[in-house]
Amino acid sequence: MEMYQGKGMLKTLSWTESGRSVLKLNIRHLWLLGVWPLGHSQVFKVYTSFTFAMGVWSVVECLLAVYFTWGHLEETTLVLIFTSTCSCAIIKLVFFLRDERSYSLMVREVASVMAAQSEACRDPALAAILRDSRSRAFRLSLGMLLFMFSQCFIWFPIPIVANAGERRLPFSQHGWDNNSHFYELSYTLQCLSGLYMSQISFGLDCLFASIMILVAAQLKILSGRVLKLNQEVIPPERNDSVLLRNQLAGDKYRDKFYEGLCFCIDSHQRILRFVTLLQDTMSPVAMAQFASSVVIACMALFQATYGEDLSAALKCASYLPIPGGQVYLYCWAAHSVTENGESVSVAAYSCSWVEGSSRSRHALRTLMARAQRPLVLTAGRLYPINRAAFLSLLNASYSYYALLGQMNKRSMKDLASHN
Amino acid sequence: MQKPHGLVADLWPLIRMVQYSGHWMLEYSGGKALRAIYSSAVSLLVVTQFALMAVNLIQRSGDVNELAANTITVLFFLHPVTKFGYFAVRSKAFYRTLATWNQSNSHPLFAESQARFHQLSVVRMRRLVMYVVSVTALSVVSWTSITFMGDSTREVTDPDNANETITEEVPRLMISTWYPFDASSGMGYMLAFVYQLYWLTATLMHSNLMDVMFCCWLIYACEQLVHLKEIMKPLMELSATLDTVVPHTSELFRAASTLPTNEPLYDAGNGAADGLTIRGIYSSQRDFSGFNRRSAALSTVREADAGGAVSSAGGIGPNGLSKRQEMLVRSAIKYWVERHKHVVRFVGNIGDAYGAALLLHMLTTTVTLTLLAYQATKIDSVDVYAASVLGYLFYTLGQVFLFCVFGNRLIEESSSVMEAAYSCHWYDGSEEAKTFVQIVCQQCQKSLMISGAKFFTVSLDLFASVLGAVVTYFMVLVQLK
């Protein structure tokens, strides 16, 4: 953050600015949900606080429901799934509101990093990488958000269809009055907050995933540029022409190599600076997501396998891919950033440095040394986000699930012995 | 039809076997259409038997013991089937990897060392192919013979009384399968037996040949790295002459020439057997044998220069070397770097071609080994059951061990390139040589490795963790019993 201060870059994003960005879809989506303020509008602040209040109310409602159903493992876990989703979204929202400026900065920086390398993207192969990454980020965000939205059609109507006449609420039941008061209002409110919270949570994940995809593509383009350095020079021929070239024209073409390398290093530095910013902004959000995903996954798995209520089992089975997908999104995208960062070093080694001047070789070596240090993004500065982290989270989730299964068995046994 | 060259020529027996086994390898020989027909026939046979096995698995899923045994068999044969399909889909990547060494640079000073290590790798690859093929043949034979031992019955629920079980005769076939015809006797039995024998051989060959090809690539990469390490030292000494006047240049060159050379490996014995195919490859390269020839080459260059020193553009430089000698040394460094880059690229290609197959392999193997650990707890005496469970266990572990060993060797060889670069006399070398060593050391900080679609790296650590997991699981099951 500090390095960007005083550049006038720490301003709120405006509506027109968001339209020009590559991340238009993600930004506008978050704007629609009342998260991302575009411009300075008082009405929007009211809207944001409404969203926030709705989320807080859902969490409180859920906690009350948990209190009233305590001891019934099956019902409690079902409520906890929703609680965890909501509180995760609330935490993310809080972090967003705190770091709103650095989110805007991030959007601007993505644009500037991409602009810095756009010159090089005249090459058709590199242009293809850029185009591919943009369309992939867009498709991924759109697909994931629509998939999340499709969950609404499973969760919202089930209480009306499956438990008609029982006055059930979609997420948490009001144990204190058996859903007798304000049934319609509570139903609408729960649906609305469910929609908002899940979309906010997923929208932020998609934003980060898109940014990481774009950064990975930028690193890939950089590798391509480094690899192509000096390629226009004719390969050394045998005989004396080489000698002549070395003596006369040598300095000129070698300096060209050095210049090209310097441009590449400049782009590399920009990308690295951006990754630091991304890391600072993303780390708490990713941590919140990891923690809640583990809880949600084990609860949903528990419901889907041990649950006796068929509709609940169906709901949870359909919901299972969501927490897994959210975590995988982070892990996969961050892993590809790391991987492409390391490939810069290999590309530097693979370019034709043997013919370069000694100063360009020194520069190359420094570039390699930096690129070899893996660009690891972390969650809460605690977990490195990579594929191994994904596997370990799955493991953690499974072991909690096994624990829940044991608890369930024990409580069943207790019930049987009482009878 | 063009003559095979590069890696394809080195692996020619293996390539032939891969083609005869029915893999979709349509390149490298004429008659593409015929080959395609053959491959499709083989694919049909392979898939049909596998599907029949799956049908059997579903039909007999009532009994837990039988379910576990059938699942192991199905998973065991899932390897060959996936590898067969994988190769058919990704054959382009395989061709690309095989074509990596079609055009590689060479240098007169190091042609001998290169030829020697190339020969060594060819010998090693062929030996490995021989071993694995014989082990495969052995396992087919033992699998077939074990079906004729012990009694061939199974217990099924009595149709009259649900609480009783009766024993039922099972046809003596290698793999329990459902057939649409009666396979218990007569023509049906003969047909089923021959079909299964063919199928067993073909599928085991399919998967093992793929693994062997992967291992051969790794062997080749390792030998190239060893070659690079060996020429590092003379290279540094050569480059030391570049910088300034070294008083005893000629002595230095003589000292370099006393380096040990393993000439017999290249000239005699093994060379004769493989000579037919090898000669074709080497004919294009100039035959320098031994470093004494190499320094001789340098000194002939020097004499020639001395002869025409006055007239030639080069002349003797300040370092006492003629321009042409200098060029020779420069090009030697370039040769080294280009060769190393080529190895790096080759390893990248290998990972692209085979990484995903390794991931699939490991996924299936993990499940199979878990089930096998469960089956192993039920062993209580030395009988057919024990032999077959142990056979499965060792075969599956052996498959994993095979590629882990070679993956590990690659990691070791590539990381020791840095040690080789550091341990030679780089401090005497020219500035150019020092930067060169620096960059090489920097690159070698990260060793070359093969990863299974980036989820794991192929090394002995992987094997140890798989083995450890199986043993732990086995212990837990024994405790629970």
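Conventions and cut-offs
Residues numbered from 1 in each chain as written. Chains lettered and ligands numbered in written order. Predicted model: local features only at pLDDT ≥ 70, side-chain atom pairs only at ≥ 80, totals over all residues. Heavy atoms only, no water. Axes fitted to C-alpha atoms, helices over the stretch in contact; angles between N-to-C directions. Helix = DSSP H or I, 4+ residues; strand = E, 2+ residues; numbered from the N terminus. Parallel < 35°, antiparallel > 145°, perpendicular 65-115°, else oblique. Left-handed = near helix turned anticlockwise from the far one by under 90°. Contact = heavy atoms within 4.5 Å. Buried area = accessible area lost by both parts, 1.4 Å probe. Salt bridge = Lys/Arg side-chain N within 4 Å of Asp/Glu carboxyl O. Polar contact = N/O pair within 3.5 Å; in protein donor to acceptor, adjacent residues only side chain to side chain. Phe/Tyr/Trp six-rings, centres within 6.5 Å; stacked < 30°, edge-to-face > 60°. Buried < 20%, exposed > 50% of the residue type's maximum accessible area, 1.4 Å probe, protein only. Lys NZ or Arg CZ within 6 Å of the ring centre and 35° of its normal. 1 Å grid on protein atoms, 1.4 Å probe; cavity = no way out; pocket = protein on both sides within 12 Å on 5 of 7 lines; lining within 4 Å. Points joined across faces, edges and corners; volume = space filled by probe spheres on them. Nonpolar A, V, L, I, M, F, W, Y, C, P; charged D, E, K, R; others polar. pLDDT = per-residue confidence, 0-100.

## Regarding the packing of helix α8 (residues 183-228) of chain A against helix α11 (residues 321-350) of chain A
All names here are of chain A.
Okay, so step 1: Relative to each other, α8 and α11 sit at 15°, their axes nearing to 8 Å. With respect to their mutual orientation, α8 and α11 come out roughly parallel. Regarding α8 and α11, the two cross each other, and that crossing is left-handed.

## Topic: unusual backbone geometry
Residue and element names in this part refer to chain B.
Okay, so step 1: Of note, Ala453 is a non-glycine position whose phi angle comes to about 50°, a positive value.
Okay, so step 2: The topology assignment puts Ala453 in the loop between α13 (431-444) and α14 (460-480).
Okay, so step 3: One non-glycine residue with positive phi stands out, namely Lys454, at about 70°.
Okay, so step 4: Take Lys454: it is sitting in the loop between α13 and α14.

## Side note on the interface of chain A and chain B
Okay, so step 1: The partner chain B presents 23 residues to the 27 residues of chain A that form the contact.
Okay, so step 2: Between chain A and chain B lies a buried interface of about 2,300 Å² when both sides are counted; carbon and sulfur atoms form 64% of it.
Okay, so step 3: Interface area lost by chain A to chain B is led by Tyr349(A), Arg365(A) and Gln372(A), which between them contribute 27%.
Okay, so step 4: For Lys446(B), the salt bridge identified is with Glu342(A), shortest N-O distance 3.2 Å.
Okay, so step 5: At the boundary of chain A with chain B, the tally comes to seven residue pairs in polar contact (both at pLDDT 80 or more).

## Comments concerning the packing of aromatic side chains
Both the distance between ring centres and the angle between the ring planes are used here to describe each pair of aromatic rings.
Okay, so step 1: With the rule as written, the count across this model stands at 45 aromatic pairs over all chains.
Okay, so step 2: With a centroid separation of 5.8 Å and an interplanar angle of 50°, the aromatic rings of Phe76(B) and Trp143(B) are classed as tilted. With Phe76(B) in helix α4 (residues 64-98) and Trp143(B) in helix α5 (residues 111-146), this pair connects stretches of sequence that are 67 residues apart.
Okay, so step 3: Summarising the aromatic geometry, the rings of Phe76(B) and Tyr392(B) are spaced 5.1 Å apart at their centres and angled 80° between planes, so their arrangement reads as edge-to-face. Here Phe76(B), found in helix α4, pairs with Tyr392(B), found in helix α12 (residues 384-423); they are 316 residues apart in sequence, far enough to count as distant. For the pair shown, Phe76(B) and Tyr392(B) are each scored as buried.
Okay, so step 4: One residue, Arg359(A), lies across the ring of Tyr258(A), its end atom 4.1 Å from the ring centre.

## Notes on empty space enclosed by the protein
All names here are of chain A.
Okay, so step 1: Taken as a whole, this structure holds four cavities of 30 Å³ or more when the rule is applied.
Okay, so step 2: Put simply, the largest cavity is a space of about 150 Å³.
Okay, so step 3: Mapped onto the lining of the largest cavity, the elements with two or more residues apiece are α4 (73-98), α6 (124-155) and α8.
Okay, so step 4: Its residues placed into classes, the lining of the largest cavity shows ten nonpolar, four polar and no charged.

## Details of the environment of Phe455(B)
Okay, so step 1: As for its position among the elements, Phe455(B) is in the loop between α13 and α14.
Okay, so step 2: Sequence separation of Phe455(B) and Thr48(B) is 407 residues, and the distance between their C-alpha atoms is 32 Å.
Okay, so step 3: Each residue touching Phe455(B), except ones within four places of it in the same chain, is listed here: Arg387(A), Leu391(A) and Leu359(B).

## Comments concerning the confidence of the model for chain B
Okay, so step 1: In this model, chain B carries a mean pLDDT of 80, and residues with pLDDT of at least 70 account for 81%.
Okay, so step 2: Considering only residues more than four positions removed or in separate chains, one finds that residues 245-249 of chain B, a stretch of pLDDT under 50, has six contacts.

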